[in-house]
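# Structure at a glance
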Amino acid sequence: MLGALFFKECKQVLKSLVYLIYVVVFVLFITGQMSSDSAEGLQAPVPGQSYYGTTVTKDETLIMEGTLAKLVGDVYHNSWATYPLGFYKGVTLTDRETEQAEAILERCTGKPFAVLLEERSGHFGEYDPGSAEEMDAAQTNYKVPVKEGFTYAEFEAAMDEICDLVGRGSAYEKSKYEYGIRVPMTYELAKEEFDALCEKDRVTRAYMRLFCDYAGIVLAILPIFVGVSRALRDKRAKAQQVMFSKSASGAQIIVSRYLANLVMLCIPVFVTAFLMQQPFCYRAQALGIRADGMAFLTVPGVWLLPEIMVVLALSFLITELTDTILAVFLQVAWAIGSVFGADVLAGDFRMRLIARWNTLGQTTLFSSLEKEFLQNRGYYFLLAVVCVILTVVIYERKRRKGGSLIWKNMAG
């Protein structure tokens, strides 16, 4: 019975206009976002290069120097980016507040703000402003040393004062800078990272993490519409009473619907991942590396599947409970908050719905965060299972009562 219902549901999904839109939007989004990530650029670092990219460090001294460097620029421009509710909010300080920020900088560095500006100007003057790579290197290499004897605890207290001036959601919150700061890589470190990418990630796993970063953004939203559409289909067709009278159990009906929609949602993801992985397989072969040909299944399977599961399961649950499109508004807000609320673009998994890893490589860093990442995905996998079970319970109660729970209770 379950198998027959599953295949019937799959056919129904294929006929759905909402599903067709899902496939088209997903493919267009992911190919558009990743079109610039070329496999040809993947090559071993060479000694003597002027720039080897950046890596994340959690060294307290470097965190202080990098954060203060950003602070000098923000005070100079008086333009502060904050994300109090996950959305961008520009802040401009008053003259008095700017003076307070300058005083905080002087307390941290032991230098007047005018001297810090002069040093900043001299640093950036050494780079070619017409070269994007040069300016990226200039920004990464710019550091502002703290004064002798200045402690990390004093730095934290100073950043708290900056947060009081600019408000919530700035780069000066501990939750932001405690994840580390980007610093230039040396040749030795670049070589170590490249070797890890080749030997541990076998190239394709690293690329699939970047694929999952982009795909995770859109997959936090698109499955909602597919799930809500399916949950409301019987109501639109006025077929609820027919479904309620079927001999199949509520568990069989809901589970078959859920699994069919889940499988159909996953197929375009894995097919697209497979196709986009191929250039990196060929590139790995050219470098003499045996690529992981199954990375298009294993990495998205762990990374994206729990996300799709919970987004779809919640859309089923909320829609079955309310018989409305409320899930669209609630879940889209959740997805947007998850995107804009991320403290960093490579890591900060915690309880984030969308796991971000917006970089190709950083294998060593990912290995250090892998346990946190797996806990995050495991949590959403279990939450999805719980939501499906609750949906079954609600569906069975509606069958017994002959219709909507909420509206009948309100009417009563």
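See the structure shown above.
I will try to describe carefully the structure that is included in this document.

### Topic: the packing of aromatic side chains
Across all of its chains, the model carries 20 aromatic pairs by this definition. Here the aromatic rings of W303 and F373 are separated by 4.4 Å at their centres, their planes lie at 40°, and the arrangement is tilted. Here W303 is found in helix α14 (residues 295–303), whereas its partner F373 is found in helix α17 (residues 363–401), with 70 residues between them in sequence. Exposure class is identical for W303 and F373. Each is buried. Between F349 and F366 the ring centres are 6.5 Å apart and the planes differ by 85°, which places this aromatic pair in the edge-to-face class. Of this pair, F349 sits in the loop between β5 (346–347) and β6 (356–357) while F366 sits in helix α17; the two residues are 17 residues apart in sequence, bridging distant segments of the chain. For F349, a relative accessible area of 0% gives the class buried.

### With respect to helix α3 (residues 60–77)
Taking 1.5 Å of rise per residue, the 18 residues of α3 would be expected to cover 26 Å, and the 26 Å separating its terminal C-alpha atoms lies within 8% of that figure. Of all the residues in α3, the buried ones are I63, M64, E65, G66, T67, L68, A69, L71, V72, G73, D74 and V75. With a side-chain oxygen positioned 3.0 Å from the backbone nitrogen of T61, the residue opening α3 is D59. Looking one or two residues past α3, N78 carries a phi angle of roughly 50°, positive in sign.

### Quick word on the pattern of salt bridges
Evaluation of the coordinates by the stated rule reveals 14 salt bridges. A salt bridge links E156 to K174; the shortest N-O distance between them is 3.4 Å. Here K174 lies in helix α8 (residues 174–177) and E156 lies in helix α7 (residues 152–166), a separation of 18 residues in the sequence. For R356, the salt bridge is made with D213, and the minimal N-O distance between the two is 2.6 Å. Of this pair, R356 sits in strand β6 while D213 sits in helix α10 (residues 204–219), placing them 143 residues apart in sequence.

### Overview of the nonpolar core
Core analysis: the biggest nonpolar cluster contains 79 residues, and F26, F211, L219, Y258 and W303 have the highest contact counts within it. A per-element tally of this core places helix α13 (residues 250–286) first, with 13 residues. Contacts of F26, omitting those with residues within four sequence positions, involve F211, A215, V218, L219, L222, P268, V269 and T272. With 36 residues, the next largest nonpolar core counts L68, V75, I162 and V166 among its residues.

### Remarks on the pairing of strand β4 (residues 181–184)
Only one face of β4 is buried, namely the one carrying I181 and V183, since none of R182 and P184 on the opposite face is buried. In the sheet, strand β1 (residues 54–57) pairs with β4 via 4 bridges, with the strands oriented antiparallel. Pairing of V56 across the sheet is with R182, part of β4.

### Focus: a nonpolar patch on the surface
A cluster of nonpolar side chains, contributed by L17, L20, I21, V24, V25 and L28, occupies part of the molecular surface with about 550 Å² of accessible area. You can see L17 is positioned in helix α2 (residues 17–34). In this structure L17 comes out as exposed when scored by relative accessible area, which is 59%.

### So, unusual backbone geometry
For N78, which is not glycine, the phi torsion reads 50° and is therefore positive. Along the polypeptide, N78 turns up in the loop between α3 and β2 (80–82). Phi at R202 is positive, roughly 50°, even though this residue is not glycine. Secondary-structure assignment places R202 in the loop between α9 (187–199) and α10. Of the residues examined, R202 reaches a relative accessible area of 17% and is grouped as buried.

### Quick look at the packing of α14 against helix α15 (residues 305–322)
Relative to each other, α14 and α15 sit at 40°, their axes nearing to 4 Å. Between α14 and α15, the interaxial angle falls into the category oblique. Along its contact with α14, which presents P300, G301, V302 and W303, the element α15 presents L305, P306 and E307. Looking at the contact of α14 with α15 residue by residue, the classes come out as 5 nonpolar, 1 polar and 1 charged.

Definitions and limits used
- Residues numbered from 1 in each chain as written.
- Predicted model: local features only at pLDDT ≥ 70, side-chain atom pairs only at ≥ 80, totals over all residues.
- Heavy atoms only, no water.
- Phe/Tyr/Trp six-rings, centres within 6.5 Å; stacked < 30°, edge-to-face > 60°.
- Helix = DSSP H or I, 4+ residues; strand = E, 2+ residues; numbered from the N terminus.
- Buried < 20%, exposed > 50% of the residue type's maximum accessible area, 1.4 Å probe, protein only.
- Expected span 1.5 Å × (residues − 1).
- Polar contact = N/O pair within 3.5 Å; in protein donor to acceptor, adjacent residues only side chain to side chain.
- Salt bridge = Lys/Arg side-chain N within 4 Å of Asp/Glu carboxyl O.
- Core = buried A, V, L, I, M, F, W, Y, C linked by side-chain atoms within 4.5 Å.
- Contact = heavy atoms within 4.5 Å.
- Pairing = 2+ DSSP bridges.
- Patch = residues over 30% accessible without salt bridge, like charges linked within 9 Å, V, L, I, M, F, W, Y side chains within 5 Å.
- Areas by Shrake-Rupley, 256 points an atom, 1.4 Å probe, with all protein chains shown as cover.
- Axes fitted to C-alpha atoms, helices over the stretch in contact; angles between N-to-C directions.
- Parallel < 35°, antiparallel > 145°, perpendicular 65-115°, else oblique.
- Nonpolar A, V, L, I, M, F, W, Y, C, P; charged D, E, K, R; others polar.

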